[in-house]
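Residue-level listing of the chains:
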Amino acid sequence: MFTVTESVTIDRPVDEVFAFFTEGRARWDESVISEELTSPPPVGVGSTLHTRMRAVGREFAFDWRVTGYEPGTRMAITSTSGVMATSSELTFADANGATLVRVGIEAEPTGVMRLAQAMIAGEVRSTLTASLAKAKRVLEQG
C-alpha cells in the first residue's frame, strides 16, 4: 500500500474551489480522460462516478463511491472497481481569502503491480502535482 499527499494554495474563495474539485467531472485531474456522475445529482455521500484515466502509458477504468462529503470542507471517494483498491480525500481550508487544497490518495497494488509499487506511487505523485498546478492555473486565470 502507498499514500501520496500533495497540496496547493489557490487564490480563490473556498466555495468556488470546492465546487470546481467536486463537480463530478474531474476537469482538474491530468490523468482523467473522462469522468461522469453515474447517480443523480447533486454530488453527495453515496453518489457514484465512472472514470476513464491514463496512467503509466495505459488506459484504466474506475468506478467510485463518495464516502464523505462536507460542503466547502471535504470530499472522500473509494473505488468500487478498477485495477487496484484506491481511495482519495480532498480537504479545503480558508487561507486568508485563498483556499488551501490537500489531496491524499491511498492505493493498494496487488499481484504483479505490487512489484512496481514505487514506480506507480511516483507516477501518482507526479500526476497529482501537475493536476493541482493545472487547477490553480484554471481557477486563478478564469
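What comes next is a walk through the structure. (Residues numbered from 1 in each chain as written. Predicted model: local features only at pLDDT ≥ 70, side-chain atom pairs only at ≥ 80, totals over all residues. Heavy atoms only, no water.)

### Quick notes on the nonpolar core
Generally speaking, a soluble globular protein has its nonpolar side chains buried in company with each other. If you look at the biggest cluster of nonpolar residues, it comprises 34 residues, and the most contacted ones within it are Ile10, Phe21, Trp28, Phe92, Val101 and Leu132. Contributions of two or more residues to this core are made by strand E1 (2–10), helix H1 (14–22), strand E3 (48–55), strand E4 (58–70), strand E5 (74–81), strand E6 (85–95), strand E7 (98–108) and helix H2 (117–141). At six residues, H2 tops the list of elements feeding residues into this core. Discounting residues that sit within four places of it in the chain, Ile10 has contacts with Val17, Phe21, Ala98, Thr99, Val101, Ala135, Lys136, Leu139 and Glu140. (Core = buried A, V, L, I, M, F, W, Y, C linked by side-chain atoms within 4.5 Å. Buried < 20%, exposed > 50% of the residue type's maximum accessible area, 1.4 Å probe, protein only. Helix = DSSP H or I, 4+ residues; strand = E, 2+ residues; numbered from the N terminus. Contact = heavy atoms within 4.5 Å.)

### Describing the packing of aromatic side chains
A complete count under the given rule lists six aromatic pairs for this structure. Ring centres of Phe21 and Trp28 lie 4.8 Å apart, and the angle between their planes is 45 degrees; this geometry places the pair in the tilted category. For the pair Phe21 and Trp28, a shared accessibility class is recorded, and that class is buried. Ring centres of Phe21 and Phe92 lie 5.8 Å apart, and the angle between their planes is 65 degrees; on these two criteria the pair is classed as edge-to-face. Taken together, the positions of Phe21 in helix H1 and Phe92 in strand E6 put the pair 71 residues apart, joining distant regions of the chain. Taken individually, Phe21 and Phe92 each receive the classification buried, so the pair is uniform in this respect. One aromatic cluster in this structure is built from Phe18, Phe20, Phe21, Trp28, Tyr69 and Phe92. (Phe/Tyr/Trp six-rings, centres within 6.5 Å; stacked < 30°, edge-to-face > 60°.)

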